[in-house]
Amino acid sequence: MLRTHNCGELRLQDVDKQVTLCGWVQRIRDKGGIMWIDLRDRYGLTQLIFKEGSTPEELLEKARTTGREYVIQALGKVEKRFSNNPKIPTGEIEILVKDINILNPSKVPPFIIEDETDGGEELRMKYRYLDLRRTPSRQNLELRHRLMQETRLYLNQLDFIEIETPILIKSTPEGARDFVVPSRVNPGEFYALPQSPQTFKQLLMVSGFDRYYQIVKCFRDEDLRADRQPEFTQIDCEMSFVEREDIIRTFEGLIKFLFKQIRGIELPDFPLMSFDEAVKDYGTDKPDTRFEMKLKHLDSAAQGKGFKVFDQAELVVGISVKGCAEYSRKQLDELTDWVKRPQIGAKGLVYVKYNSDGSFKSSVDKFYTSEDLKTWAKELEGKPGDLLLVLSGDKESTLFAMSELRLEMGKRLNLLDPKVFEPLWIVDFPLMEWDDKVQRFFAMHHPFTSPHKEDMNLLETDPGKARANAYDVVINGVELGGGSIRIHDRTIQEQMFKALGFSKEEAQSQFGFLMNAFEYGAPPHGGIAFGFDRLCAMLGGADSIREFIAFPKNNSGRDIMIDTPSPIHREQLDELHIKLKS
Ligand code: ASP
């Protein structure tokens, strides 16, 4: 090896040892007669010292020809440092250098490669290999690695077996959009990249593997949104001979294990909350339950008093924000602008100040008496000193806007404690959602999810009413994973496709392989998948998943380092039988 030690391991007890280190020049301090270089590698920093008297003049000259990010090899003796640096583990020693070899010079890096950098995100992504030399970036990938190993440890010990499933699969119209890959040898035909290994893991259950997992790349060609990656990683799992409670116990165990191993945090048991309750109280199926501020419907208290906006609304919903009755006009205007932003999409915001003296001042005083507003306050469980905020409109977008406003107010009141983790299972989702635009049902989870046992016959009679035997894990408002007990019976699977508007032939041509397999002794089974990148970000205490992916794409789905997506040559297109529209 080119080195005897790494840059993070030498201590006082190594004094007098002759050592050889390799690494990158992080910093040079040249005081003329004395010069220091901080040498960095993955393990840490070690200080090299060159001083007149001990260091030959040519060596000093040679050291002076290096610069930031040069790769060098340094030979020398470990010495006790004159003044310690308590901030780094090697801070009590330094290396009195006898010789250096420049292994490779470096151009001046485009940003400072230290914990605090001056590089903006675009620049850091363009030079991601340099960004990854920085300790915080490196530590994120180390955390990812540990999380992967601990996941495997937990699942292996429960007899799960890791099996790879194919990456080139078949495109299906359900779910998100597929990334497709043209087949050169089969003109006009395409593979698709998997959105998840769903059908394969179910087939593995038919094969009798019983307990499967895979830490696996999945691909979804969805519309761009902040912090969404077209390729991402899941911990994908499936089990046979289980019911919902077995899955819940097994995978609550996994999440608790990971929090304990990685962060030393003991998570409480995860309570169950129904989808209906989550939507009613929080306006979303991924509620942040670290704080209350529950939503309350105001329809009956607010409608029929001549205020058209409310009277015409499908839903009037409000929250009571503790101690904010003193909000100024300016603050309220700013909040109104906030809810009107396109990301939130509300048309306006109605406020009621419930003053500490018990009086009311609202933006709708023209339409409502103090008595009316008192009723609102009662419904919203507001107390004197609170600010009541009310939104209205069609149900879906109003609930969305209100859930966002609730979070925003929670943030402003410092109620989102990053040290607190509140996990829960959301259960009893609807099996299907009606899409008005295309006039058909869509599976809320995916078409392989089983209805509740009691709702089985609704598949034929009233599919919109059936509840799914599905479950999501939510922590602090983030959906970490989800899954379901599956259909394992051909007839029920056929009914499901029928309810989703598939003809018999369409169902057979797209999913015949799975339904055929169900006719050869498919065991009852169910599973779950966790968003691995998101889990890393949560355990790393960060918001962005990008920081935990070695080479991520940006918000436009581009890898700006390798510059892709990119055009391909005409000959390549011809070979693939693809004609571009000119
Ligand atoms: N395949 C599903 C997903 O990716 C998870 C599951 O049902 O296991 O969301």
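Relevant structure appears above.
Procedures and definitions
- Residues numbered from 1 in each chain as written.
- Predicted model: local features only at pLDDT ≥ 70, side-chain atom pairs only at ≥ 80, totals over all residues.
- Heavy atoms only, no water.
- Helix = DSSP H or I, 4+ residues; strand = E, 2+ residues; numbered from the N terminus.
- Buried < 20%, exposed > 50% of the residue type's maximum accessible area, 1.4 Å probe, protein only.
- Lys, Arg positive; Asp, Glu negative; His and termini not counted.
- Salt bridge = Lys/Arg side-chain N within 4 Å of Asp/Glu carboxyl O.
- Contact = heavy atoms within 4.5 Å.
- Axes fitted to C-alpha atoms, helices over the stretch in contact; angles between N-to-C directions.
- Parallel < 35°, antiparallel > 145°, perpendicular 65-115°, else oblique.
- Left-handed = near helix turned anticlockwise from the far one by under 90°.
- Nonpolar A, V, L, I, M, F, W, Y, C, P; charged D, E, K, R; others polar.
- Patch = residues over 30% accessible without salt bridge, like charges linked within 9 Å, V, L, I, M, F, W, Y side chains within 5 Å.
- Areas by Shrake-Rupley, 256 points an atom, 1.4 Å probe, with all protein chains shown as cover.
- Charge placed at Lys NZ, Arg CZ, Asp CG, Glu CD.
- Polar contact = N/O pair within 3.5 Å; in protein donor to acceptor, adjacent residues only side chain to side chain.
- Pairing = 2+ DSSP bridges.
- Near = heavy atom within 4 Å.
- Arc of directions from axis to C-beta.

### Concerning the side chain of Asp-299
Moving on, step 1. Here Asp-299 shows up in helix H8 (residues 299-302).
Moving on, step 2. Here Asp-299 occupies a buried position and makes no salt bridge, while the nearest side chain of opposite charge, Lys-395, is found at 8.9 Å.
Moving on, step 3. Sequence-distant contacts of Asp-299, defined by excluding residues within four places in its chain, comprise Glu-314, Leu-315 and Val-316.

### Examining the packing of helix H4 (residues 135-157) against helix H6 (residues 244-263)
Moving on, step 1. Their axes nearest at 10 Å, the elements H4 and H6 cross at an angle of 140°. For the element pair H4 / H6, the angle class is oblique. For the crossing formed where H4 meets H6, the hand is right-handed. For the pair H4 and H6, the contacting residues are Leu-143, Arg-146, Leu-147, Glu-150, Thr-151, Leu-153, Tyr-154 and Leu-155 in the first and Thr-250, Phe-251, Gly-253, Leu-254, Phe-257, Leu-258, Gln-261 and Ile-262 in the second.
Moving on, step 2. Its residues assigned to classes, the contact of H4 with H6 shows 10 nonpolar, four polar and two charged.

### What to know about a negative patch on the surface
Moving on, step 1. Side chains of Glu-314, Asp-394, Glu-396 and Glu-433 sit close together on the surface and give a patch of like negative charge.
Moving on, step 2. Relative to the helices and strands, Glu-314 resides in the loop between helix H9 (308-311) and strand S13 (315-321).
Moving on, step 3. For Glu-314, a relative accessible area of 52% corresponds to the exposed category.

### Digging into the environment of Thr-46
Moving on, step 1. Within the secondary structure layout, Thr-46 lies in strand S3 (residues 44-51).
Moving on, step 2. As a C-alpha pair, Thr-46 and Gly-91 span 45 residues in sequence and 7.6 Å in three-dimensional space.
Moving on, step 3. Thr-46 has contacts with Cys-7, Gly-8, Leu-21, Ile-37, Asp-38, Leu-39, Thr-90, Ile-93 and Ile-95, leaving out every residue within four places of it along the chain.
Moving on, step 4. In this structure the side chain of Thr-46 is engaged in a polar contact, spanning 2.6 Å, whose partner is the backbone oxygen of Cys-7.

### Concerning the sheet that holds strand S20 (residues 470-475)
Sheet strands associate in pairs through backbone hydrogen bonding, adopting either a parallel or an antiparallel arrangement.
Moving on, step 1. Across the sheet, eight strands lie side by side as S6-S9-S10-S22-S21-S20-S17-S11; this open sheet has mixed pairing. If you trace the sheet from one side to the other, it starts and ends with strand S6 (161-162) and strand S11 (272-274), each paired once.
Moving on, step 2. Two strands pair when backbone bridges link them, and S6 and strand S9 (residues 211-219) are joined in this way by two bridges, in the parallel orientation. Paired with Ile-161 across the two strands is Tyr-212, which belongs to S9.

### Some remarks on the site of the ligand
Moving on, step 1. Around the ligand sit 13 residues, and of these Gln-198, Lys-201, His-445, His-446 and Arg-486 come closest.
Moving on, step 2. Contacts to the ligand include Ser-196, whose side-chain N or O atom sits 3.1 Å from a nitrogen atom.
Moving on, step 3. Contact between the ligand and His-445: an oxygen atom at 3.4 Å from a side-chain N or O atom of the residue.
Moving on, step 4. Protein chains shield 88% of the accessible area of the ligand, which is 270 Å² for the free molecule.
Moving on, step 5. Secondary-structure elements contributing two or more residues to the shell around the ligand are helix H5 (198-206), strand S21 (478-485) and strand S22 (525-531).
Moving on, step 6. Grouping the constituent residues of the shell around the ligand by class yields two nonpolar, eight polar and three charged.

### Details of the pairing of strand S14 (residues 350-354)
Moving on, step 1. Within S14, five of the five residues are buried, which leaves it mostly tucked inside the rest of the structure.
Moving on, step 2. Here four bridges tie S14 to strand S16 (residues 387-393), and the two strands are oriented antiparallel to one another. Residue pairing across strands places Lys-353 opposite Leu-387, the latter belonging to S16.
Moving on, step 3. Taking the residues that link successive antiparallel strands as the turn, the S14-strand S15 (residues 360-362) hairpin has five residues, and the phi of Gly-358 there is positive, at about 90°.

### Section: the side chain of Thr-66
Moving on, step 1. Along the polypeptide, Thr-66 turns up in the loop between helix H1 (57-64) and strand S4 (71-80).
Moving on, step 2. For Thr-66, the contacting residues outside a window of four places in its chain are Val-25, Ile-28, Ile-37, Ile-72, Ile-100 and Ile-102.

### Some points on the packing of helix H10 (residues 329-340) against helix H12 (residues 395-412)
Moving on, step 1. Orientation of H10 relative to H12, taken along the N-to-C sense of each, is 135°, at an axis distance of 11 Å. By the criterion of interaxial angle, the relationship of H10 to H12 is oblique. Considering the relative orientation of H10 and H12, their crossing is right-handed. Contact residues: Glu-334, Leu-335, Trp-338 and Val-339 in H10; Glu-404, Leu-405, Glu-408, Met-409 and Arg-412 in H12.
Moving on, step 2. Of the residues belonging to the contact of H10 with H12, the class tally is five nonpolar, no polar and four charged.

### Comments concerning H1
Helical geometry note: an α-helix holds 3.6 residues per turn, so side chains three or four residues apart project in the same direction.
Moving on, step 1. For H1, the full list of buried residues reads Leu-59, Leu-60 and Ala-63. Burial along H1 is one-sided: seen end-on, the buried residues are contained in an arc of 100°.
Moving on, step 2. Buried residues along H1 sit against strand S2 (34-41), S3 and strand S5 (93-104).

### Considering the sheet that holds S2
Moving on, step 1. Pairing in this closed barrel of five strands is mixed, and the strands run S1-S2-S3-S5-S4 around the ring. Each neighbouring strand pair of the sheet contributes to a mean axis angle of 55°, computed without reference to strand direction.
Moving on, step 2. Bridge count between S2 and S3: eight bridges; the pairing is antiparallel. Residue Asp-38 lies in a different strand from S3, and its bridge partner there is Gln-47.

### Here we look at the pairing of S21
Moving on, step 1. Among the eight residues that make up S21, six are buried, leaving the element largely enclosed by the rest of the structure.
Moving on, step 2. Summarising the sheet, S20 and S21 pair through six bridges and their orientation is antiparallel. Within S21, the residue paired with Ala-470 across the bridge is Ser-484.
Moving on, step 3. Where S20 folds back onto S21 in an antiparallel hairpin, the turn is made up of two residues, including Asn-476, whose phi is positive at roughly 50°.
Moving on, step 4. The sheet contact formed by S21 and S22 spans five bridges and is antiparallel. When the sheet's bridge partners are listed, Ile-485 is paired in S22 with Gly-526.

### A few points about unusual backbone geometry
Moving on, step 1. The omega torsion across Thr-564 and Pro-565 is 5°, close enough to zero to call that bond cis.
Moving on, step 2. Mapping Pro-565 onto the fold places it in the loop between helix H16 (532-539) and helix H17 (570-575).
Moving on, step 3. Located in the positive-phi region is Asp-16, a residue other than glycine, with phi close to 85°.
Moving on, step 4. Asp-16 gets classed as exposed once you look at its relative accessible area, which sits at 54%.
Moving on, step 5. Phi is positive for His-577, close to 60°, though the residue is something other than glycine.
Moving on, step 6. As for its placement among the helices and strands, His-577 is situated in the segment after H17.
Moving on, step 7. The class of His-577 is partly exposed, set by a relative accessible area of 43%.

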